[in-house]
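Given next are the chains, with one letter for each unit.
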Amino acid sequence: MAFTLWTLYEATLLWLNAVCVLNEDRFLAKVGWASWQNVQGFGEPPSIKLQLLNLIKSIRTVMRVPLIFLNIITITVKLILG
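Let me sum up the structure you'll find in this document. Just so it is clear, the model here is predicted, and its values are computed rather than measured.

### Considering the overall build of the chain
Scanning the chain from N- to C-terminus turns up four helices and zero strands. Starting at the N terminus and walking to the C terminus, you meet the elements of the chain as α-α-α-α. Looking at the chain as a whole, 23% of its 82 residues qualify as buried. Taking as baseline every contact in the chain between residues at least 6 positions apart, the subset at least 24 positions apart corresponds to 54%. As displayed, the chain has an accessible area near 6,500 Å², and 71% of this comes from carbon and sulfur atoms.

### A short note on helix H1 (residues 5-21)
The end-to-end C-alpha separation of H1 is 24 Å, in line with the 24 Å expected for 17 residues at 1.5 Å each. Among the structural elements, helix H3 (48-62) and helix H4 (64-81) are those in contact with the buried residues of H1.

### A word on H3
For an α-helix, 3.6 residues make a turn, and residues three or four places apart therefore share a direction. End to end, H3 covers 21 Å across 15 residues, agreeing with the expected 21 Å (1.5 Å per residue, within 8%). Within H3, burial applies to Leu50, Leu53, Ile56, Ile59 and Arg60.

### Side note on the pattern of salt bridges
Counting across every chain of the model gives one salt bridge. For glutamate 10, the salt bridge is made with lysine 78, and the minimal N-O distance between the two is 3.0 Å. Here glutamate 10 is found in helix H1, whereas its partner lysine 78 is found in helix H4, with 68 residues between them in sequence. With a relative accessible area of 39%, lysine 78 lands in the partly exposed category.

### Thoughts on a nonpolar patch on the surface
Together, Trp15, Ile48, Leu52 and Leu55 make up a nonpolar patch on the protein surface, roughly 420 Å² of accessible area in all. If you tally residues by element for the nonpolar patch, the top one is H3, at three residues. Examined against the element boundaries, tryptophan 15 turns out to sit in helix H1. For tryptophan 15, a relative accessible area of 48% gives the class partly exposed.

### A look at the environment of isoleucine 68
Topologically, isoleucine 68 is positioned in helix H4. Residue isoleucine 68 is classed as partly exposed on the basis of its relative accessible area, which comes to 47%.

Definitions and cut-offs
- Residues numbered from 1 in each chain as written.
- Predicted model: local features only at pLDDT ≥ 70, side-chain atom pairs only at ≥ 80, totals over all residues.
- Heavy atoms only, no water.
- Helix = DSSP H or I, 4+ residues; strand = E, 2+ residues; numbered from the N terminus.
- Buried < 20%, exposed > 50% of the residue type's maximum accessible area, 1.4 Å probe, protein only.
- Contact = heavy atoms within 4.5 Å.
- Areas by Shrake-Rupley, 256 points an atom, 1.4 Å probe, with all protein chains shown as cover.
- Expected span 1.5 Å × (residues − 1).
- Salt bridge = Lys/Arg side-chain N within 4 Å of Asp/Glu carboxyl O.
- Patch = residues over 30% accessible without salt bridge, like charges linked within 9 Å, V, L, I, M, F, W, Y side chains within 5 Å.

Laid out in C-alpha cells, this is it:
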C-alpha cells in the first residue's frame, strides 16, 4: 500500500469522523474531559486539555455538514473504483 494523497485524505476523513462521533456524556465525561467539568478562572491561561476540548467542540460544530458530503464522495468513489 503506497502512501498517496488519497490515503492521506481517507485517514483525515476517518479521524474527523471519529472526533465527531465522540459522545461527551458516554466517553469524554468518564475520562474527565467533559466541557462542564473544566471551569477556567478569569485571567488564567487555557490548559492543553481545555484547548483540546475546544478543538473537539469546534470540529463538531464546523465539520458536521461538510463531513456528510465528504463521506458521500468517498463512498461513491470507493464503489465506482473499488
